[in-house]
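# Working through the structure, step by step
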Amino acid sequence: MAQKVVVYVDGFNLYYGLKDISPPVKWLDVACLVQKLLPKVDIAGIKYFTARVSARSHDPDLPTRQQVYLRALKTLPSLEIIYGHFLQHTVTMRLATPLCSQDYARVIKTEEKGSDVNIASHLLLDAFHKRYEAAVIISNDSDLVTPIQMVREMGFQVVVLNPHPRHPSHQLRQYATLVKPIRKGVLRACQFPDVLTDHQGAFSKPSQWR
């Protein structure tokens, strides 16, 4: 019998594993990805953790592309999106290469907050309620080691699908039941169709991702 799993997707960790792959693979069907890598599981739910991005001077369409992709994700059954937030502040940081004898500069630092805490909370709460037999985490973030340890101590398996196969977290490999790299071939095989339909009608993959 197939093993019941809940999938926890660290949206930004996954995105940064995809963003430099050519041709683009950002139009990713995460349910297909899990089934390709773990064909014997039964997906009881998918939780996608992210934060809403803002337009940037060099990329004003960034929020639009994100919203289109989140709309695509919502076509998957049993998928839930859980939002964190961005925190922006000005800090003084040392320059890697000093300029004109200047060692430090004031920079705007943007940090995504909440996703690691949200993943940990949902992972533990779902284990407490026995909503899965195994948890599947799509991330390479070593901050998740402690909740993974706790879930393992509760008797559940934890499988990590790593979107950064060239730089795997050794801590995750130490504490997860299994760590599998996400290869480019699987990513390319698990793209949504170029045109999708939901209750609002038809919509298309962003042109920049084609």
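Residues numbered from 1 in each chain as written. Predicted model: local features only at pLDDT ≥ 70, side-chain atom pairs only at ≥ 80, totals over all residues. Heavy atoms only, no water.

## Points about the pairing of strand β6 (residues 134-138)
For β6, the tally of buried residues reaches 5 of 5 residues, placing the bulk of the element in the interior. Across the two faces of β6 the burial is the same, with A134, V136 and I138 and A135 and I137 all buried. The sheet contact formed by strand β1 (residues 3-10) and β6 spans 5 bridges and is parallel. The residue of β6 that forms the bridge with V6 is A135. Where β6 meets strand β7 (residues 157-162), 5 bridges bridge the pair, whose relative direction is parallel. Within β7, the residue paired with A135 across the bridge is V158. (Buried < 20%, exposed > 50% of the residue type's maximum accessible area, 1.4 Å probe, protein only. Helix = DSSP H or I, 4+ residues; strand = E, 2+ residues; numbered from the N terminus. Pairing = 2+ DSSP bridges.)

## Considerations on the side chain of D29
With respect to the helices, strands and loops of the structure, D29 is situated in the loop between α1 (11-18) and α2 (30-37). Here D29 occupies a buried position and makes no salt bridge, while the nearest side chain of opposite charge, K36, is found at 10 Å. Polar side-chain contacts of D29 include one of 3.1 Å to the backbone nitrogen of A31. Separated by 3.0 Å, the side chain of D29 and the backbone nitrogen of C32 make a polar contact. Those residues in contact with D29 that lie beyond four places of it in its chain are L76, C190, Q191 and F192. (Lys, Arg positive; Asp, Glu negative; His and termini not counted. Salt bridge = Lys/Arg side-chain N within 4 Å of Asp/Glu carboxyl O. Polar contact = N/O pair within 3.5 Å; in protein donor to acceptor, adjacent residues only side chain to side chain. Contact = heavy atoms within 4.5 Å.)

## Description of the nonpolar core
Membership of the largest hydrophobic core comes to 39 residues, with the highest contact counts inside it found for V7, L28, V30, Y69, L73, I138 and L161. Looking at this core element by element, the count peaks at 5 residues for α2. In contact with L73, not counting residues within four places along its chain, are L28, V30, Y48, L79 and F192. Core analysis: the next-biggest nonpolar cluster, separate from the first, contains 19 residues, A127, I137, L144 and L172 among them. (Core = buried A, V, L, I, M, F, W, Y, C linked by side-chain atoms within 4.5 Å.)

## Focus on the state of the cysteines
Taken as a whole and judged by the stated rule, the model has 1 disulfide. The disulfide partner of C32 is C190, and the S-S distance across this bridge is 2.4 Å. Judged by the torsion about the S-S bond (-65°), the C32/C190 disulfide is left-handed. Taken as a pair, C32 in helix α2 and C190 in the loop between α7 (184-189) and β9 (195-198) lie far apart in primary sequence, 158 residues in all. (Disulfide = S-S within 2.5 Å.)

Geometric descriptors of this kind do not, in isolation, establish any biological role.
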